[in-house]
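# Commentary on secondary and tertiary structure
Residues per chain, in single letters:
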Amino acid sequence: MNKKGFIFDLDGVIVDTAKYHFLAWQRLAKGLDIDFTEEENEQLKGVSRVRSLEKILAWGNKTISQDLFNDLMGKKNEEYLGFIADMDTDEILPDVPRVLNVLKEKHQPIALGSASKNARTILERVHLISDFNAIVDGNDVSKAKPDPEVFLIAAKEINVQPEDCIVFEDSVAGVTAANTANMISIGIGSKDVLGHANYVFKDFTEITDDFIKSLIEN
Ligand code: BG6
Ligand code: MG
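Worth saying up front: this structure is predicted, and the values here are computed from it rather than measured.

Moving on, we come to the packing of helix α3 (residues 49-59) against helix α4 (residues 66-84). The N-to-C vectors of α3 and α4 enclose an angle of 110°; their axes lie 11 Å apart at closest approach. Considered as vectors, α3 and α4 are oriented roughly perpendicular to each other. Crossing hand, α3 versus α4: right-handed. Across the interface between the two elements, Arg49, Val50, Leu53, Glu54 and Leu57 of α3 pack against Phe69, Leu72, Met73 and Asn77 of α4. Taken together, the residues that form the contact of α3 with α4 break down as six nonpolar, one polar and two charged.

Structure (structure tokens):
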């Protein structure tokens, strides 16, 4: 039996949390008199909390003290945690459980590769934590996506060579990270944004069991 490594991003791939990150950042930016569009927000997806705030400040041409920077990072996370406080299995994106089940039936190793420091909390809340053979998140890496570090650590943890790994990603930075890691990248979202992925699907409902099986066999 072939063994491939399947690595999933979390926010915007497994759960519908990308909208909450956006809302939390947008509120915070408003308080600093900075406005940013949904298009600019694409550049924040997959990117670490620190790097996201740096980008927002750069868009608004603002320089702030380190103390205020730390304070704002804490505030953003509090706001975000408020949004996800009542999170349950309803927030799992359509057909994610089906795809996970196909992989489990075929005994393929499954890993998480997320920039979020809240990843474990979220996986527990949506009762998916036990589906993952390895979890690599924002607490485990020193370099944020588009650096491939998170995916390379995940591959090592599930004991699969990078070229035998398949990454599901909704962000520009994450697809770049997967490509740089020499993995197969599957973009979840729009072709206009994720055109650099090996494959792009609107969401998991478009990904058939046969397609997953073909990834395992090739
Ligand atoms: C990524 C999100 O998964 O995690 C980003 O796409 C977010 O929007 C990043 O900034 C860090 O998440 P957290 O939960 O540690 O603030
Ligand atoms: Mg994401």
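Still more to cover.
Taken together, the protein ligands of the magnesium ion (ligand 2) are Asp9 (OD), Asp11 (O) and Asp170 (OD), with distances of 2.0 to 2.1 Å. Each donor residue of the magnesium ion (ligand 2) lies on the same chain, and together they follow the pattern D-x1-D-x158-D. Linking aspartate 11 in the loop between β1 (5-8) and α1 (18-31) with aspartate 170 in the loop between β4 (165-169) and α8 (172-180), this pair joins segments that are 159 residues apart in sequence. The two residues aspartate 11 and aspartate 170 agree in class, both being buried.

Our focus in this paragraph is the site of ligand 1. Around ligand 1 sit 14 residues, and of these Asp11, Arg49, Ser116, Lys117 and Asn118 come closest. Here an oxygen atom of ligand 1 sits 2.7 Å away from a polar atom, N or O, in the side chain of aspartate 11. With respect to ligand 1, the backbone of lysine 117 contributes an N or O atom lying 2.6 Å from an oxygen atom. Its residues assigned to classes, the shell around ligand 1 comprises three nonpolar, six polar and five charged.

For the rest of this paragraph, the subject is the sheet that holds strand β5 (residues 184-188). Spatial strand order, β3-β2-β1-β4-β5-β6: six strands in an open sheet with parallel pairing. Strands at the two margins of the open sheet, each flanked by one partner only, are β3 (134-136) and β6 (199-201). Taken over all neighbouring pairs, the strand axes of this sheet differ in orientation by 20° on average, direction set aside. Where strand β2 (residues 110-113) lies against β3, three bridges are found, and the strand directions are parallel. In the sheet register, alanine 111 faces β3, and the bridge partner there is alanine 134. Its contacts with the sheet put helix α7 (residues 149-158) on β1, β2, β3 and β4, and the angle it makes with β3 is roughly 160°. α8 rests against β4 and β5 of the sheet, and its axis sits at about 170° to β5.

With that settled, consider helix α10 (residues 209-217). Listed in full, the buried residues belonging to α10 are Phe211, Ile212, Leu215 and Ile216. All buried residues of α10 lie within an arc of 145° about the axis, which places them on one face of the element. Exposed and facing more than 90 degrees away from the buried side of α10 are Asp210 and Glu217. Buried-residue contacts for α10 involve β1, α5 (96-105), β4, β5 and β6.

Reading guide: rules and limits
Numbering of residues starts from 1 in every chain and runs along the sequence as written. Note on labels: chains are lettered from A, ligands numbered from 1, in written order. In keeping with the predicted nature of the model, local features appear solely for residues at pLDDT of at least 70, side-chain atom pairs appear and are counted solely at 80 or more, and the whole-chain, interface and lining totals rest on all residues. As a convention, hydrogens and water are excluded, and side-chain values are obtained from all of the structure's heavy atoms. Interaxial angles span 0 to 180 degrees and are taken between N-to-C directions of axes, which are lines fitted to C-alpha atoms, for helices over the stretch in contact. We count a stretch as a helix when DSSP gives it H or I for four or more residues in a row; a strand needs E for two or more, and each element gets its number in order from the N terminus. Convention used here: angles under 35 degrees read as roughly parallel, angles over 145 as roughly antiparallel, angles from 65 to 115 as roughly perpendicular, and any remaining angle as oblique. Crossing handedness follows the turn of the near helix against the far one: under a right angle anticlockwise gives a left-handed crossing, and clockwise gives a right-handed one. The contact criterion used throughout is that any non-hydrogen atoms of two residues lie within 4.5 Å. Charged residues are taken to be Asp, Glu, Lys and Arg, nonpolar residues to be Ala, Val, Leu, Ile, Met, Phe, Trp, Tyr, Cys and Pro, and polar residues to be all remaining types, Gly included. For Na, K and Ca the donor cut-off is 3.2 Å; for every other metal, N, O and S atoms count as donors within 2.8 Å. Water does not enter the count, which can leave sites looking incomplete. Buried residues are those whose accessible area, probed at 1.4 Å on protein chains only, stays under 20% of the maximum for their type, while exposed residues exceed 50% and partly exposed ones sit between those limits. The cutoff for a nearby residue is simple: one of its non-hydrogen atoms must lie within 4 Å of the molecule or strand. Here a polar contact means two N or O atoms within 3.5 Å. Within protein one must be a hydrogen donor candidate and the other an acceptor candidate, and residues neighboring in sequence count only if both atoms are side-chain atoms. The pairing criterion for strands is at least two bridges between them, as found by DSSP. Starting at the helix axis, one direction is taken to each C-beta atom, and the arc is that of these directions.

Spatial relationships are all this shows, so hold off on functional conclusions.
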